[in-house]
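One letter stands for each residue in the lines below.
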Number of protein chains: 2
Amino acid sequence: MGQNSTEWAGVAQSGPEWARIGESTQISLFDFYDPCAQRKGYPFNLELDVGPVIQFQNFHVNNIGDPFMESNYGIHSRKFEVAVLDWFANFWELPKDQSWGYVTSGGTEGNLHGLLVGRELFPDGIIYASKDSHYSVFKAAKMYRAQCIKISTSIYGEMNYDDFSYKLLQNSGRPAIVNVNIGTTMRGGVDDVDEVIRTLKTCGFDSRFYIHCDGALGGLMLPFIKQEPKLTFKKSIGSISVSGHKLLGCPTPCGVVVNRLKDINLVMSTNIEYVASRDATITGSRNGHAPIIMWYTLKCLGYNGIRMKVTTCIRKAEYLEFLLKKKGVSTLLNPGSSTVIFERPKDEVFVRKWQLACEGNLAHVVVMPNVSIRHLFRFVDELAENRYIMLHDKEISTPCVAADIGPDMKYYHSVLLRNISYMISGFRQSIFKEARVHITRTSLGNPILAD
Amino acid sequence: MGQNSTEWAGVAQSGPEWARIGESTQISLFDFYDPCAQRKGYPFNLELDVGPVIQFQNFHVNNIGDPFMESNYGIHSRKFEVAVLDWFANFWELPKDQSWGYVTSGGTEGNLHGLLVGRELFPDGIIYASKDSHYSVFKAAKMYRAQCIKISTSIYGEMNYDDFSYKLLQNSGRPAIVNVNIGTTMRGGVDDVDEVIRTLKTCGFDSRFYIHCDGALGGLMLPFIKQEPKLTFKKSIGSISVSGHKLLGCPTPCGVVVNRLKDINLVMSTNIEYVASRDATITGSRNGHAPIIMWYTLKCLGYNGIRMKVTTCIRKAEYLEFLLKKKGVSTLLNPGSSTVIFERPKDEVFVRKWQLACEGNLAHVVVMPNVSIRHLFRFVDELAENRYIMLHDKEISTPCVAADIGPDMKYYHSVLLRNISYMISGFRQSIFKEARVHITRTSLGNPILAD
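Here the structure is a predicted model, which means the values were calculated and not measured. (Residues numbered from 1 in each chain as written. Chains lettered and ligands numbered in written order. Predicted model: local features only at pLDDT ≥ 70, side-chain atom pairs only at ≥ 80, totals over all residues. Heavy atoms only, no water.)

**Brief notes about the overall build of chain A**
Phase 1: For chain A, the count of helices and strands is 15 helices and 13 strands.
Phase 2: Residue burial in chain A is summarised as follows: out of 451 residues, 65% are buried.
Phase 3: Long-range contacts, defined here as pairs at least 24 residues apart, represent 73% of the contacts in chain A between residues at least 6 apart.
Phase 4: Surface summary for chain A: the accessible area is close to 16100 Å², and the carbon and sulfur share equals 53%. (Helix = DSSP H or I, 4+ residues; strand = E, 2+ residues; numbered from the N terminus. Buried < 20%, exposed > 50% of the residue type's maximum accessible area, 1.4 Å probe, protein only. Contact = heavy atoms within 4.5 Å. Areas by Shrake-Rupley, 256 points an atom, 1.4 Å probe, with all protein chains shown as cover.)

Set out below in structure tokens:
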């Protein structure tokens, strides 16, 4: 293996002029080393060393077809994929023999799959999604030719259940396919799945609904947070999807979608003789390296490792919010979220340098495990300096974000409960060691670890 | 980077019982080393050494959004992606300023994208696809709620244009979205794009059609073969997709789809502020390692390297067919194809051992660059032995495949033309050296290299 590529390379010099790839464009493999040093906005964890599994990149590993069925194609990582799926089925409390799923190419594919199952179960169903939902949800509706109704949200990015109820009643004749956000992209807002189900039942949608939970980031975090509504298949939900390249830190976009087996058997079964498997996924030929990397990550971290990562991220996000507020920057942080929203910096060079994801007047930072307290200090200092220059030297006014994030009250909450919860959580020391400061603020929504 | 994973690993021992991934399932990273040694059926090239680019696997490289637009997310390989896309646009003769495309997660995504563009351009269009089309084409029709009409095929897997014409005329009021196969999955059959366009025009579909070319395997081979109808955007086609893990040998499922820029601007533009890009792809967050690997492969091989690979595959496929026929096995090989079809072995253990892709009474071998002549000898010998045992000892009769592949006449063709073409092709020596035999058979359909 491999010798031939050198052999072939000899002839690469000839051939038509246009075919000499890269020579005219002047790009080299080292072009994207630089950007790795600085990034913060997007929720990608760049911490994990996947060294031991990289060796397999020389093999073409293809999990074609259904992960739970044997296929004729031999170089696959199905065992790893099934192990990962079992882990997530357990995590979201779905018995093994009732669960199905697969390792996807990312959050979008998870949403495309979940919503497709919903549409197949209820062909005349309407997709309901809050306006803060990920763009893939609206893309899915367009692709699948399903009517999509947008629900308004609170400033925290959570679905407005009154609006949901109102729109359900307007369309009571048709079943509902609901996209529930477990951490919205921009604000980290969490829709209350219990409230969604209650609303559906109150509006007379007894069993005429399907719920897909888009847990791209929050799907892994929520089960660890006591105060949040529990994310579990014991409730009437149909599917949950999560990203593998965010909190888990897989180096390639990937994710997991878990469904109920009975739904898949009912509507997604097309047997493909050619691959001796069934075609129940969106992409067919699937990256077999992703399940190995996810398996390796789950094995390295373990349940408690992920739990620790989740808590650390939330604590650091709270600390970032504290630092920003201290500098007079308006912020918003949902309880149990690691997404800190603040006013969008006016300097586009700064936005690009720190790779901040922006929407309207807002920017956000998603604190991932690889973001250190030192990073946060540097970021806040630079932001404050940049803001000062904009406000004073260039006389550009700060945007009013009251409409976006509401009057900024949380800062003035009592310090008492927060301190108690810090002591309970047991992670105080590790955080404090790094920060070398005393965090004295708190809010009532402080997350405490679930068992 | 990386130290933390060891640190976290310490806590992995605790946590709930179910969360100890892999311990109960007894799987290890070395589980799938074995199957690599033997495989032949599926068209995956396992030859290329991607060593120099593997180092980047430690980075999360994400080409989120449109490859041709800058995004806020900084660790991407867009430059490599654009270089790859330019290469393919040139290869299929579409001027740079009129082309768009992206590196997909494989052939399926390419088809999903091409057909989606078709459906968006012609919302009430009907998808026409030969019954030998890849399963993703029918999946796309189901997903997109587009009516799909299957066209019958010849025994060579090529579309039956009379049937196509008949079905077009039955639905002359609605536009046509045609999936043209450039190498079908099972038989390597090529639909004649000129004939398809001619049929459409004859039936009065002047500009009311969209053609997507599924060139998963053949899209890279056809332009090198003189006798075949040329695959080019100079004809009225809308998109071409190809797989990167087949002939090119990328170790992860990937591919390329190339579209006309005007179509994308017209129907696929949804600007996503969050990523500061537009959402014109299916999967959104996209594997940024794949374009680097494709770029590296194209750079190593060069135009002539791929050309040489294509010819070698075709020659070896012809030789395999010759060997099989000599053993009395019924076969079929399309001119210019590397897919050899033959009667399905009765022994399922043999099928699984050699990872043969099967359909009905037929099995096939797709000869890829990494398949050596020695491999072919071993395979044919084992197949013949296994067949003998089945026929004589177990008294199982061979299936009659006359209906599937037609009366087997090609073997008796004159040897003259083949010998001449071998001399012209210039690859005679390299093949003969390896085979150490004299190939004396020929057929009229022998491919000669295009300039």
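**Quick notes on the domain arrangement of chain A**
Residue and element names in this part refer to chain A.
Phase 1: When cut into domains, chain A gives domain 1 (5–38), domain 2 (51–299) and domain 3 (312–450).
Phase 2: Across the boundary between the two partners, domain 2 contributes 17 residues, which contact 28 residues of domain 3.
Phase 3: Interface of domain 2 and domain 3: buried area, both sides summed, is about 1800 Å²; carbon and sulfur atoms make up 62% of it.
Phase 4: If you look at where domain 2 meets domain 3, you find 0 salt bridges.
Phase 5: One can count 4 residue pairs in polar contact (both at pLDDT 80 or more) joining domain 2 with domain 3.
Phase 6: Here the residues of the side of domain 2 that touches domain 3 are counted per class, giving 9 nonpolar, 4 polar and 4 charged. (Domains from an automatic or database assignment. Buried area = accessible area lost by both parts, 1.4 Å probe. Salt bridge = Lys/Arg side-chain N within 4 Å of Asp/Glu carboxyl O. Polar contact = N/O pair within 3.5 Å; in protein donor to acceptor, adjacent residues only side chain to side chain. Nonpolar A, V, L, I, M, F, W, Y, C, P; charged D, E, K, R; others polar.)

**Some remarks on the sheet that holds strand 5 (residues 209–214) of chain A**
Residue and element names in this part refer to chain A.
Phase 1: Taken in spatial order, the 7 strands line up as 1-7-6-5-4-2-3 in an open sheet, and their pairing is mixed. With partners counted over all chains shown, the strands left at the sheet margins are strand 1 (99–104) and strand 3 (148–151), one partner each. Going from strand to strand, the sheet's axes swing by 20° on average, the running direction of each strand aside.
Phase 2: As paired strands, strand 4 (residues 176–181) and strand 5 are joined by 6 bridges and run parallel to one another. (Pairing = 2+ DSSP bridges. Axes fitted to C-alpha atoms, helices over the stretch in contact; angles between N-to-C directions.)

**What about the confidence of the model for chain A?**
Residues and elements named next belong to chain A.
Phase 1: Across chain A, the average pLDDT comes to 80, with 76% of residues at 70 or higher.
Phase 2: In the predicted structure, residues 1–13 sits below a pLDDT of 50 and forms 26 contacts with residues beyond four places in sequence or in another chain.
Phase 3: Segment residues 408–451: pLDDT under 50, and 83 contacts once partners within four positions in sequence are set aside and those in other chains are kept.
Phase 4: Reported confidence for the predicted complex is 0.83 by ipTM and 0.84 by pTM. (pLDDT = per-residue confidence, 0-100.)

**Observations concerning the packing of helix 6 (residues 161–170) of chain A against helix 7 (residues 193–202) of chain A**
All names here are of chain A.
Phase 1: It is the contact of helix 6 with helix 7, at a shortest axis distance of 10 Å, that shows an interaxial angle of 30°. Classified by the angle between their axes, helix 6 and helix 7 sit roughly parallel to one another. Read as a crossing pair, helix 6 and helix 7 show a hand that is right-handed. The residues of helix 7 that touch helix 6, namely those facing Tyr 161, Phe 164, Ser 165 and Leu 168, are Glu 195, Val 196, Thr 199 and Leu 200.
Phase 2: Here the residues of the contact of helix 6 with helix 7 are counted per class, giving 5 nonpolar, 2 polar and 1 charged. (Parallel < 35°, antiparallel > 145°, perpendicular 65-115°, else oblique. Left-handed = near helix turned anticlockwise from the far one by under 90°.)

**Focus on empty space enclosed by the protein**
Phase 1: Inspection of every chain in the model, using the stated rule, returns 12 cavities of 30 Å³ or more.
Phase 2: Of the volumes computed, that of the second largest cavity is approximately 230 Å³.
Phase 3: Around the second largest cavity, the lining comprises 23 residues; the ones closest to its centre are A:Ser105, A:Asn287, B:Ser105, B:Pro253 and B:Asn287.
Phase 4: Listing elements by their share of the lining of the second largest cavity, those giving two or more residues are strand 1 of chain A together with strand 1 (99–104) of chain B.
Phase 5: Broken down by class, the residue content of the lining of the second largest cavity amounts to 7 nonpolar, 12 polar and 4 charged. (1 Å grid on protein atoms, 1.4 Å probe; cavity = no way out; pocket = protein on both sides within 12 Å on 5 of 7 lines; lining within 4 Å. Points joined across faces, edges and corners; volume = space filled by probe spheres on them.)

**What to know about the UniProt feature "modified residue: N6-(pyridoxal phosphate)lysine" (unreviewed entry) in chain A**
Residue and element names in this part refer to chain A.
Phase 1: The sites that carry the UniProt feature "modified residue: N6-(pyridoxal phosphate)lysine" (unreviewed entry) are, in the present numbering, Lys 246.
Phase 2: Residue position: Lys 246 is located in the loop between strand 6 (239–243) and strand 7 (255–260).
Phase 3: Accessibility expressed as a relative area gives 13% for Lys 246, which makes it buried. (UniProt positions renumbered as here; feature names shortened; annotations may be inferred.)

**Comments concerning the pattern of salt bridges**
Phase 1: Within this structure, the stated rule accounts for 38 salt bridges over all chains.
Phase 2: Across the pair A:Lys235 and A:Asp194 runs a salt bridge, and its minimum N-O distance is 3.0 Å. Of the two residues, A:Lys235 sits in the loop between helix 8 (218–221) and strand 6 while A:Asp194 sits in helix 7, which places them 41 residues apart along the sequence.
Phase 3: Ionic pairing is found between B:Asp381 and B:Lys327, a salt bridge with its closest N-O pair at 3.7 Å. With B:Asp381 in helix 12 (residues 373–393) and B:Lys327 in the loop between helix 10 (289–326) and strand 10 (331–333), this pair connects stretches of sequence that are 54 residues apart.
Phase 4: Given a relative accessible area of 41%, B:Asp381 falls into the partly exposed group.
Phase 5: One salt-bridge network, held together by shared partners, links A:Arg119, A:Glu120 and B:Lys142.

**Re the pairing of strand 3 (residues 148–151) of chain B**
All names here are of chain B.
Phase 1: The side-chain alternation of strand 3 yields one buried face, formed by Ile 149 and Ile 151, and one unburied face, formed by Cys 148 and Lys 150.
Phase 2: Across 4 bridges, the pairing between strand 2 (residues 126–130) and strand 3 is parallel. Bridging from a neighbouring strand, Ile 127 pairs with Cys 148 of strand 3.
Phase 3: This β-α-β element, strand 2 to helix 5 (residues 135–143) to strand 3, shows right-handed connectivity. (Right-handed = clockwise from strand over helix to strand, strands pointing away.)

**Overview of the side chain of B:Thr108**
Phase 1: Structurally, B:Thr108 can be placed in helix 4 (residues 107–121).
Phase 2: Taking relative accessible area as the criterion, B:Thr108 reaches 4% and is therefore assigned buried.

**Comments concerning the sheet that holds strand 4 (residues 176–181) of chain B**
Residues and elements named next belong to chain B.
Phase 1: Overall, mixed pairing links the 7 strands, which are arranged 1-7-6-5-4-2-3 in an open sheet. Looking at which strands have only one partner, the edges of the open sheet turn out to be strand 1 and strand 3. For this sheet, the mean inter-axis angle between neighbouring strands, taken without regard to orientation, is 20°.
Phase 2: Sheet strands in contact with helix 4 are strand 1, strand 2, strand 4, strand 5 (209–214), strand 6 (239–243) and strand 7 (255–260), and its direction is about 175° off that of strand 5.
Phase 3: Seen against the sheet, helix 7 (residues 193–202) touches strand 4 and strand 5 and runs at an angle of roughly 165° to strand 5.

**Examining the environment of A:Val267**
Phase 1: Mapping A:Val267 onto the fold places it in helix 9 (residues 261–267).
Phase 2: Look at A:Val267 and you get buried, because its relative accessible area is 14%.
Phase 3: C-alpha of A:Val267 to C-alpha of A:Leu116: the two residues are 151 residues apart in sequence and 9.6 Å apart in space.
Phase 4: Those residues in contact with A:Val267, other than ones at most four positions away along the chain, are A:Val117, A:Glu120, A:Leu121 and B:Lys142.

**Looking at the packing of aromatic side chains**
Phase 1: Tallied over the entire structure, the rule returns 32 aromatic pairs over all chains.
Phase 2: Plain terms: the ring middles of A:Phe88 and A:Trp92 are 5.2 Å apart, the flat faces sit at 45° to each other, and that makes the pair tilted.
Phase 3: These aromatic residues form a ring-pair network of at least three members: A:Trp87, A:Phe88, A:Phe91, A:Trp92, A:Phe224 and A:Tyr303.
Phase 4: If you follow B:Lys150 out to its NZ or CZ, it ends over the ring of B:Phe138, 4.5 Å from the centre.
Phase 5: Against the face of B:Phe205 rests B:Arg208, its NZ or CZ located 4.8 Å from the ring centre. (Phe/Tyr/Trp six-rings, centres within 6.5 Å; stacked < 30°, edge-to-face > 60°. Lys NZ or Arg CZ within 6 Å of the ring centre and 35° of its normal.)

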